[in-house]
Amino acid sequence: MSVVSFRYNVICNLQTHDRENLYNDMARKVTGGLYDSSRSVMAALLPASPDDETFKTAFSRKELKTTSGRNKRVVTYILSRLEHQISGKVPDVESSVYSLEHILPQNAGEV
């Protein structure tokens, strides 16, 4: 659900009003035993999700100003997920080692 929500809401900026009903319906179906794995849930959600091309285009055009607390968390989430996918390690995003300031300084100064 987090992947679908991330793609749909955060990156593609699509309207959220229909998501509540969809997620509620999915939860009832999982509880009722209609879906018994995350793979079957994802397959059922796929038609209601942005396709890969739409997501890639939206992601490549996405601008997040890191002066906002919410946007900082989103950028940190994206970078930590990329790090996890590339290295196989889950970074401790609360650690100062993974500070967003090290990658995207707000006051970079002259280069």
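What this report covers is the structure whose coordinates are included nearby. (Residues numbered from 1 in each chain as written. Predicted model: local features only at pLDDT ≥ 70, side-chain atom pairs only at ≥ 80, totals over all residues. Heavy atoms only, no water.)

### Observations regarding the pattern of salt bridges
Oppositely charged side chains can form a pair if their charged atoms are brought close together.
Phase 1 of the analysis: Taken as a whole and judged by the stated rule, the model has two salt bridges.
Phase 2 of the analysis: A salt bridge links arginine 7 to aspartate 52; the shortest N-O distance between them is 2.8 Å. Here aspartate 52 lies in helix α4 (residues 52-61) and arginine 7 lies in helix α1 (residues 2-11), a separation of 45 residues in the sequence.
Phase 3 of the analysis: Accessibility expressed as a relative area gives 48% for aspartate 52, which makes it partly exposed. (Salt bridge = Lys/Arg side-chain N within 4 Å of Asp/Glu carboxyl O. Helix = DSSP H or I, 4+ residues; strand = E, 2+ residues; numbered from the N terminus. Buried < 20%, exposed > 50% of the residue type's maximum accessible area, 1.4 Å probe, protein only.)

### Quick notes on helix α2 (residues 19-31)
Phase 1 of the analysis: Its 13 residues place the ends of α2 18 Å apart at the C-alpha level, agreeing with the 18 Å of an ideal helix rising 1.5 Å per residue.
Phase 2 of the analysis: Among the residues making up α2, those that are buried are Arg19, Tyr23 and Met26. The arc enclosing the buried residues of α2, seen along the axis, measures out at 60 degrees, which places them on a common side. Exposed and oriented more than 90 degrees from the buried face of α2 are Glu20, Asn21, Arg28 and Thr31.
Phase 3 of the analysis: In this structure, the buried residues of α2 make contact with α1 and α3 (38-45).
Phase 4 of the analysis: In the segment just after α2, glycine 33 is the residue with positive phi, at about 90 degrees. (Expected span 1.5 Å × (residues − 1). Arc of directions from axis to C-beta. Contact = heavy atoms within 4.5 Å.)

### Describing the packing of aromatic side chains
Phase 1 of the analysis: In this structure the tally under the stated criterion is two aromatic pairs.
Phase 2 of the analysis: Ring geometry for phenylalanine 55 and phenylalanine 59: centres 5.7 Å apart, planes at 35 degrees, overall tilted. With a gap of four residues between them, phenylalanine 55 and phenylalanine 59 both fall in helix α4, about one helical turn apart.
Phase 3 of the analysis: Above the ring of phenylalanine 55, the side-chain terminus of arginine 7 is found at 4.4 Å from the ring centroid.
Phase 4 of the analysis: The side chain of arginine 19 reaches across the aromatic face of tyrosine 8, ending 3.7 Å from its centre. (Phe/Tyr/Trp six-rings, centres within 6.5 Å; stacked < 30°, edge-to-face > 60°. Lys NZ or Arg CZ within 6 Å of the ring centre and 35° of its normal.)

### A word on the nonpolar core
Phase 1 of the analysis: One finds Phe6, Val10, Ile11, Cys12, Phe55, Ala58, Val74 and Ile78 forming the largest nonpolar core, which totals eight residues.
Phase 2 of the analysis: Take this core: its biggest share by element is three residues, from α1.
Phase 3 of the analysis: If near-sequence neighbours (up to four positions away) are discounted, alanine 58 is found in contact with Ile11 and Cys12.
Phase 4 of the analysis: Counting residues in each nonpolar core, the second largest holds six residues, with Val4, Met26, Tyr35 and Leu45 among its members. (Core = buried A, V, L, I, M, F, W, Y, C linked by side-chain atoms within 4.5 Å.)

Function-wise, these values are silent; they only describe arrangement.
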